[in-house]
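Given next are the chains, with one letter for each unit.
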Amino acid sequence: MFRKLSRITQAVFRRNQREREMDAELRFHLEMETRKNRERGLSEEAARQAALRSFGGVELTKEQCRDARGGRFVETSLQDLRYGARVLRRNPGFTLVALLTLALGIGANTAIFSVIYGVLMRPLPYADGNRLVILHQSAPLARVDDMGFSVKEINDYREQAQTLDSVVEHHSMSFILLGGEEAQRVQTAVVSANFFDMLGIRALYGRTFLPSDDVKGADAVLVLSYNYWQQQYKGDPNIVGRVFRMNDKPHTVIGVLPPIPQYPSESDVYMPTVACPTRSSDRFIANRTFRMMNVFGKLKANVSVEQARAELSGIASNLQRTYPDAYPENRGYAATLAPLQEELTRRAKPTFLILLGTAGLVLLIACANVANLTLARLMRREREMAIRAAMGAGRGRLIRQLLTESTLLALLGGAVGLLVAAWGLQLLVSFAERFTPRAHEIRIDGFVLLFTLVVSLGTGVVFGLLPAMGSERNLAGALKENSRTTAGAMRHRARSLLVVAQVALSFMLLIGAGLMLRSLLKLQSVNPGFNPESVLTMRISSNWSRLATNEQYRDFMLRLLDRVKSQPGVLSAALGSTYPLNANSIRFGPFSRTFEIEGRPQESGAPPLTADVRTITPGYFDTIRMPLVRGRAFVDNDNDKATPVAIINQTLARQYWGDEDPLDRRVTFDKGEHWLKIVGVVGDVKQYGLDRETTAELYTPHAQNPGVGQLLVRTATAPMAMAYELRQTIYDVDPETAVDNVQSLERVRDESLASPRLTALLLALFAALAMVITAAGIAGVMALTVTQRTHEIGVRMALGATSTKVIVMVMRQGMTLVAVGLAAGAAGAFGLAQMMSSLLFSVKPGDPLTFAAVAAVLAGVAALSCLLPARRVTAIDPMLALRAE
């Protein structure tokens, strides 16, 4: 029967061939007749129409021909679409596997792209966002990258900068807000009156500041941030007009901001500069070296960033010559600016781009795997393709049919991938929050949907084109039983190449994940220099308006500390200006001050001596188990009536004294007006991150230099279990004191590792997904291979080949592909590792242990994928295998 069907099919094919030849002959004669008509002087169109009439043709306009071709194309495309849908429906196993593979690949890319677009590409939600800049002053010789601006410097740049349309200031302070259920510590942004006008921000409710609000003697007003309004007042629109008490004055809420990214830090409320007690004081305004403000500007139209930078550099040089005392030569001085969009995303960009690259590799692996599945399925459809070709389907039509099926499958995968992306989006938003204030702009919108559509269409073409290009040409051979055609061999080689590509790409991803995991393990093993176990931390903010002098503030904090120490379950307690790995300290960096050592005059032009100055109470080192190396710790007698003293860490001692003993040496921070005697040396602590170098630190006692706001308590029980009792103790001392940021020191340490941990987790998820897809691809190739060689294997076993030899033969074939893939992926993996070098800690990009371990794991998984089909074929009876074909 099959031979009869073959003869009929070949006869149909020959008939179609003859018809095509007749069509070619007809076209030839039409062309000759058209040429003769042109020679008689007719135009091109008239000559063509005359030739058609001579052969009995019908006159058709160009538009009619084009419309006819378009109609046929639409009709055949709809046929291809309907047929492709039926094919996918009749093969549920293939469709489900391919759909899930593509959904994971496309979903991962959609999720990561939503982050990239929302953070790096989306225009700033401000008016003329591309013209907004942030100004920086630095002291390069003192290694200070951003030292802030003073009021006088802001006025200088505002008056002299001709390339800027506007110059506004911003700084952040914390105040106690009274008038709610309890005292609240609010992070307050102090800004110029035209700050929101320059950004083009209109209030969601009420209004923003007017010039009259920033005039001395004006009523104090506040504008609430969107997040603070939602969290504390549940989005109450009647908040506008409500009066609170802050800094011993009534403050009226005049507006609520829309949800916008806040830079350089998140704030709860905003106030004009005249309302800030520090910023508005005459002493602060008159001092050129009182620097704590950030400065933003807007470039004038048609002014480039380079032009503005050049102008600022010139202004800085003039200021340095005019006020040499304010800009010492040994510290250096420079001013520059940067686009605000770059500043908002500077920390996020490297990590996000690497994640996008790894997600792209996952998609390529998914495409390769689905292309492999499609090739395997196409080998079972060779006779179908041959019959369709014999019935007159051209090669282009066959390719279009296969591409239609692959594109339809990819679009379905993209739809499911969108659900995957939406499911994981919140995790990515939480991750992005650690790098940029623009994280809340991440969402799946029209642009992201367009990206998903383009990626889906591109994916369909990529994994569908390779199988389509190998469609059967040898029709007679394809119709014969047991035939091994050239196209079949080409597809086998293509499948092998796809496996090699999958292994290579998976190797790259696994190397990236392995390096991040090793880096994370190294970070976790770093000795922070203190013991965080059983230590509770909380921020204490007193009402400054009631503690007007340093003495009042000092006595209040010491009285509060005594009450905390007397509570049951408290082993020790202390106060400090900050504590190790504090998130705010990490964000803003060291509080560096220049100092001089007694008997060691500063050399002209030499970099100044700097130290990160901290204030603590006695018991601080014991509470966090920070070792005392030499000398003594602070005691209660180190008060305002005793000799001023200081304790330094080992880094400062080594940096400025070397092998000398620093004990009993004196230092000064005010050119000799006051001296501090060094009475102790303590161990080094990782203050600003476990991956950061230790800074030179100097500690002063609170009783001599008031300035603490962080409470640390070592407890006999679980720290958080005592949080409520300690909070109530503080309220008993003063109900107008705000307490927040209550957490254990162990959690603080864990949070400092959150960014590298989440990065490693995401890379590990991508790598694991890639490895699973690759393993499935290898197993599929080997299963098809052994199925095609069933007859050969049956002969070998009938002639005496053992199961072990057959398994070794199959394994050798599969592992050869894996070895080639590993070799090809090694170069790409090293390149990826170099790109990730800024994210690594104490691990080299070419770390041999990581490369060896990853290669062993991937080879082991691949070997298992080869072994399963090999063992399955050896279980077949040789006689059955001989009759299989």
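Just so it is clear, the model here is predicted, and its values are computed rather than measured. (Residues numbered from 1 in each chain as written. Predicted model: local features only at pLDDT ≥ 70, side-chain atom pairs only at ≥ 80, totals over all residues. Heavy atoms only, no water.)

**Student:** How do you make sense of the environment of Ile260 when you look at a structure like this?
**Tutor:** With respect to the helices and strands, Ile260 occurs in the loop between strand E7 (249-256) and strand E8 (269-272). Linking Ile260 and Leu124, residues 136 residues apart in sequence, is a C-alpha distance of 9.3 Å. Setting aside residues no more than four positions away along its own chain, Ile260 makes contact with Tyr126 and Ile201. (Helix = DSSP H or I, 4+ residues; strand = E, 2+ residues; numbered from the N terminus. Contact = heavy atoms within 4.5 Å.)

**Student:** Can you help me understand the packing of aromatic side chains in this one?
**Tutor:** A ring pair, where both rings are aromatic, is described by two values, the distance of the centres and the angle of the planes. For the coordinates displayed, the defined rule picks out 26 aromatic pairs. Both rings, one in Phe196 and one in Phe209, keep their centres 5.8 Å apart while their planes meet at 45°; by these two values the pair is tilted. With Phe196 in helix H6 (residues 195-199) and Phe209 in the loop between strand E4 (205-206) and strand E5 (221-224), this pair connects stretches of sequence that are 13 residues apart. The class for Phe209 is buried, based on a relative accessible area of 1%. For the ring pair Tyr263 and Phe296, a centre distance of 6.4 Å and an interplane angle of 80° mean the geometry is edge-to-face. With Tyr263 in the loop between E7 and E8 and Phe296 in strand E9 (residues 294-299), this pair connects stretches of sequence that are 33 residues apart. (Phe/Tyr/Trp six-rings, centres within 6.5 Å; stacked < 30°, edge-to-face > 60°. Buried < 20%, exposed > 50% of the residue type's maximum accessible area, 1.4 Å probe, protein only.)

**Student:** Help me understand empty space enclosed by the protein, please; the structure alone is not making it clear to me.
**Tutor:** With a probe scaled to a water molecule rolled over the atoms, the places where space remains empty come into view. With the rule as written, the count across this model stands at four cavities of 30 Å³ or more. A volume near 110 Å³ is recorded for the largest cavity. Along the wall of the largest cavity there are 13 residues; nearest its centre are Tyr126, Phe195, Leu199, Pro261 and Tyr263. Tallying contributions element by element places H6 first for the lining of the largest cavity, with four residues. Here the residues of the lining of the largest cavity are counted per class, giving eleven nonpolar, two polar and no charged. (1 Å grid on protein atoms, 1.4 Å probe; cavity = no way out; pocket = protein on both sides within 12 Å on 5 of 7 lines; lining within 4 Å. Points joined across faces, edges and corners; volume = space filled by probe spheres on them. Nonpolar A, V, L, I, M, F, W, Y, C, P; charged D, E, K, R; others polar.)

**Student:** Mind showing me how you'd approach the pattern of salt bridges here?
**Tutor:** Working definition: two side chains of opposite charge can pair if their charged atoms are close together. Taken as a whole, this structure holds 26 salt bridges when the rule is applied. A salt bridge links Asp213 to Arg207, with the shortest nitrogen-to-oxygen separation between them at 2.8 Å. Taking the relative accessible area as the measure of exposure, Asp213 reaches 7% and is therefore buried. One salt bridge connects Arg434 with Glu751, and the closest N-O pair in it is separated by 3.2 Å. Taken together, the positions of Arg434 in the loop between helix H13 (395-432) and helix H14 (446-469) and Glu751 in helix H22 (residues 745-752) put the pair 317 residues apart, joining distant regions of the chain. Each member of the salt-bridge network shares a partner with another, and the members are Asp128, Arg131, Asp165 and Lys298. (Salt bridge = Lys/Arg side-chain N within 4 Å of Asp/Glu carboxyl O.)

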